[in-house]
Structure formats: C-alpha cells, structure tokens
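Topology and contacts: notes
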Amino acid sequence: MTLTNQVALVTGAGNGIGRATALALAAAGAHVIAADIAGQQAEATAETIRSSQRRALAVQADVGDLADIDRMVRQALETFGQIDILVNNAGVTRRADIMDVTEQDWDRIHRVNAKGVFFCLQRVAREMILQRNGRIINIASIAGKGYVGASNVAYAASKGAVIGMTKLAALQLAKHNINVNSVCPGVTRTALSDANLQVRAQQDGVTLEEMERRRADLIPLKRANDPEDIAAMVVFLASAGARNITGQSFNVDGGLIPD
Ligand SMILES: NC(=O)c1ccc[n+]([C@@H]2O[C@H](COP(=O)([O-])OP(=O)(O)OC[C@H]3O[C@@H](n4cnc5c(N)ncnc54)[C@H](O)[C@@H]3O)[C@@H](O)[C@H]2O)c1
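A quick note: this is a predicted structure, and the numbers were derived from the prediction, not measured. (Residues numbered from 1 in each chain as written. Predicted model: local features only at pLDDT ≥ 70, side-chain atom pairs only at ≥ 80, totals over all residues. Heavy atoms only, no water.)

Some words on the site of the ligand
For the record, the criterion: In this text, near means that some heavy atom of the residue lies within 4 Å of the molecule or strand in question. Think of a polar contact as two N or O atoms within 3.5 Å of one another; within protein, one of them needs to be a possible hydrogen donor and the other a possible acceptor, and neighboring residues in sequence only count if both atoms come from side chains. Note that accessible areas follow from Shrake-Rupley with a 1.4 Å probe, and for residues the cover is restricted to the protein chains shown. Numbering of helices and strands runs from the N terminus, with a helix taken as a DSSP run of H or I at least four residues long and a strand as a DSSP run of E at least two residues long. Note on residue categories: nonpolar means Ala, Val, Leu, Ile, Met, Phe, Trp, Tyr, Cys or Pro, charged means Asp, Glu, Lys or Arg, and polar means any other residue, Gly included.
Lining the immediate environment of the ligand, one finds 28 residues, of which Ile17, Asp36, Asn89, Tyr155 and Thr190 sit closest. Ile37 places a polar main-chain atom, nitrogen or oxygen, 3.2 Å from a nitrogen atom of the ligand. Tyr155 is positioned such that a nitrogen or oxygen atom in its side chain is 2.6 Å from an oxygen atom of the ligand. Summarising the interface, the protein chains cover 91% of the accessible area of the ligand, which totals 830 Å² for the free molecule. Elements with a contribution of two residues or more to the shell around the ligand: helix 1 (16-27), helix 5 (153-173) and helix 6 (191-204). The leading source of residues in the shell around the ligand is helix 6, at three residues. Looking at the shell around the ligand, its residues break down into 14 nonpolar, eleven polar and three charged.

Remarks on the nonpolar core
Stated precisely, the cut-off is as follows: Residues enter a nonpolar core if they are buried and are Ala, Val, Leu, Ile, Met, Phe, Trp, Tyr or Cys, with the set joined through side-chain atoms within 4.5 Å. Only protein chains enter the accessibility calculation, which uses a 1.4 Å probe. A residue is then buried if its area is under 20% of the maximum for its type, exposed if over 50%, and partly exposed in between. We call two residues in contact whenever any of their non-hydrogen atoms come within 4.5 Å of each other.
Leu3, Leu25 and Val183 are the most contacted members of the largest nonpolar core, which has 30 residues in total. Mapped onto this core, the elements with two or more residues apiece are strand 1 (7-11), helix 1, strand 2 (31-36), helix 2 (39-50), strand 3 (56-60), strand 4 (85-88), strand 5 (134-139) and helix 8 (227-238). The element that contributes the greatest number of residues to this core is helix 8, accounting for six residues. Residue contacts for Leu25: discarding those within four places in its chain leaves Leu3, Ala8, Val10, Ala30, Val32, Val87, Val234, Val235 and Ala238. By size, the runner-up hydrophobic cluster in this structure holds 28 residues, among which are Ile33, Ala35, Cys120 and Val180.

A closer look at the packing of helix 4 (residues 103-131) against helix 5
The criterion, for reference: Axis lines are fitted through C-alpha atoms, for helices just across the contact stretch, and the angle between N-to-C directions can take any value from 0 to 180 degrees. We call two directions roughly parallel when the angle between them is under 35 degrees, roughly antiparallel when it is over 145, roughly perpendicular when it lies between 65 and 115, and oblique otherwise. Handedness of a helix crossing follows the sense of rotation of the near helix relative to the far helix, less than a right angle counterclockwise being left-handed and clockwise being right-handed.
Contact geometry for helix 4 and helix 5: axes closest at 9 Å, N-to-C directions at 15°. Relative to helix 5, the element helix 4 lies roughly parallel. Read as a crossing pair, helix 4 and helix 5 show a hand that is right-handed. Contacts from Trp106, Ile109, His110, Asn113, Ala114, Val117, Phe118, Leu121, Ala125 and Ile129 in helix 4 reach Ala154, Tyr155, Ala157, Ser158, Lys159, Ala161, Val162, Met165, Ala169 and Leu173 in helix 5. The residue makeup of the contact of helix 4 with helix 5, split by class, is 16 nonpolar, three polar and one charged.

Topic: the environment of Gln41
Among the secondary structure elements, Gln41 is positioned in helix 2. Remark: the alpha-carbon pair of Gln41 and Ala58, spanning 17 residues in sequence, is separated by 8.8 Å. Leaving out residues up to four positions away in the same chain, Gln41 has contacts with Gly14 and Asn15. Only 2.4 Å separates the side chain of Gln41 from the side chain of Asn15, close enough to count as a polar contact.

Section: the packing of helix 3 (residues 66-80) against helix 4
Packed helices, taken two at a time, are described by their axes: the angle between them and the distance between them. Where helix 3 contacts helix 4, the axes come no closer than 10 Å and their chain directions differ by 35°. The handedness of the crossing between helix 3 and helix 4 comes out as right-handed. Here helix 3 contributes Leu66, Ile69, Asp70, Met72, Val73, Arg74 and Leu77 to the contact with helix 4, which in turn contributes Lys115, Gly116, Phe119, Cys120, Arg123, Val124 and Glu127.

See the structure below:
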C-alpha cells in the first residue's frame with residue numbers, strides 16, 4: 001500500500017472525480033475525509049470506504065465559505081489528528097457562450113473554483129506547516145490552458161487561477177516540505193460533463209449518443225476519461241514516488257492539449 005495510514009481530505013467527494021479519488025486513496029491505504037456541500041453524498045462515499053475496512057469521515061461543507069472550511073478542518077483533525085493529503089476537487093460550471101456569461105456565473109464559479117481552492121489550501125497548509133509534511137493536489141482543468149471546448153470563459157479563468165496559484169503556493173510552501181501540484185482533466189464522464197454534453201447536443205440538434213461519439217472522436221486517444229483516470233494521477237502525486245515533484249499541472253486528457 002503506497003499511502004498506508006496517511007490521512008487525505010477530498011473536497012467535492014460526493015460525486016464524479018472527487019468520489020473516485022476518495023475511493024482510490026482509500027484503496028491505496030489512506031484514511032479519508034469526504035467533504036461535500038451535499039452532505040448525504042459525502043456520507044455515501046464515506047460509507048463505501050468504511051465497507052472496505054478503511055476509516056472515513058463525511059463532512060458537509062461549502063468550500064466557498066471560510067467558516068465551513070475551518071469547521072471541516074477541525075472535524076478532520078479531531079477524528080484523525082493530522083491531514084497529510086489535500087485534494088481540492090470541488091468545482092462548478094455551466095455551458096455558456098462568451099456573450100452569455102453573466103456576473104452571477106462569474107461569482108458562482110470563482111467562489112468555488114478559485115476562492116474555495118485557495119482558502120482550503122491555506123487553511124490546510126497551516127496544519128501541514130506544523131507537521132512539516134504535506135501534499136496538496138488541486139483539480140484544475142485543461143480549460144485553464146486554452147482548451148477550445150471549455151464550458152465557458154469564466155470557468156477557464158477560474159482554472160487558470162488554480163494553475164497560477166499552484167506554482168506560487170509550491171514555491172512558498174516548499175520550505176515546509178509541502179508539495180503542491182495540479183491535475184488538469186480533459187473530458188471526464190461525470191454529472192458535470194454530462195450537463196455540458198446535453199446543452200451541446202441540443203445546440204447541434206443531435207442525440208446525446210451522437211454528441212458523445214463526436215466528442216470522443218476529437219480526442220487523439222479516442223476516449224474520454226473515466227473519473228478513475230484522474231484518481232490514478234492523484235494517488236501517484238500523493239505517493240512517495242512523487243516526493244520531488246512540485247508546482248506542476250499535469251494533463252490527463254487523452255492528448256487533447258499538447259502542453
Ligand atoms: N468532468 C470533467 O469533464 C472535468 C474536466 C476538467 C476538470 N474538471 C474538474 O474536476 C472537478 C470535479 O468535477 P466533476 O466532473 O467530478 O463534477 P461533479 O459535478 O460530478 O462533482 C462535483 C462535486 O463537488 C461538489 N460541490 C459543488 N460545489 C461545492 C462547494 N461549494 N463545496 C463543496 N462541494 C461542492 C458537488 O456537490 C459534487 O459532489 C471540478 O473541479 C471540475 O472543474 C472536470
């Protein structure tokens with residue numbers, strides 16, 4: 001087991017990439033705090049982990065709210081005494097053309113995707129500094145690197161913010177033995193991407209299946225990610241083998257973006 005007895009906190013762990021990541025970290029030996037704004041879904045992830053003999057805690061928390069972040073971290077520490085791995089995964093978007101993005105879209109998306117990532121990182125880093133040890137893994141997106149199929153411009157900007165803060169946070173936290181990296185998923189089959197696909201199918205007047213086929217056809221490796229493809233990269237970045245990797249943002253995208 002590569003992560004035996006390590007403690008991992010995953011935000012947005014109730015669904016999609018966050019859930020798959022929480023399960024993969026547990027399968028690698030970690031105890032997991034599954035946090036989500038949807039408390040019941042966080043609990044379902046924690047319950048699945050417990051049934052595999054690993055310890056797990058579910059926390060209902062909104063990462064856009066600093067009081068919630070503080071409560072989430074305190075609950076994690078009360079239960080496990082430490083946090084070795086933080087996966088900043090919670091994220092939101094909606095598919096919209098550049099001319100249809102509203103102030104409400106901007107605020108909603110940046111509150112979770114940029115502000116939420118930063119303040120979770122800062123709060124957990126406070127504990128990791130005391131431990132002189134930590135791995136922080138942010139789920140960004142190839143949208144932050146110019147992917148033409150990104151759901152909207154505000155979302156792309158929020159993911160660019162994650163990639164930027166990953167670099168500086170890595171440099172400023174390196175002296176505390178804390179590594180900070182990002183994973184940039186490409187098209188990944190989850191509720192979030194299904195909602196985007198439905199809008200695109202409607203716009204193009206084709207069936208969902210046809211839109212899915214067209215989407216896969218644009219990917220050099222001809223397949224969209226499953227959430228487990230992202231989880232595998234997170235487990236590697238949390239492992240001993242990645243001890244000298246920091247400040248990087250790695251694409252997992254079947255070759256969509258060559259950077
Ligand atoms: N699915 C893709 O194609 C894709 C591609 C690139 C990047 N990503 C990124 O991966 C991450 C996970 O996306 P997903 O596709 O699994 O989405 P999802 O919608 O399936 O799951 C997101 C989870 O985050 C939770 N969440 C939303 N707002 C929250 C908040 N304020 N506080 C706490 N939890 C909150 C939701 O309840 C949900 O359980 C996001 O950051 C997303 O931007 C996804």
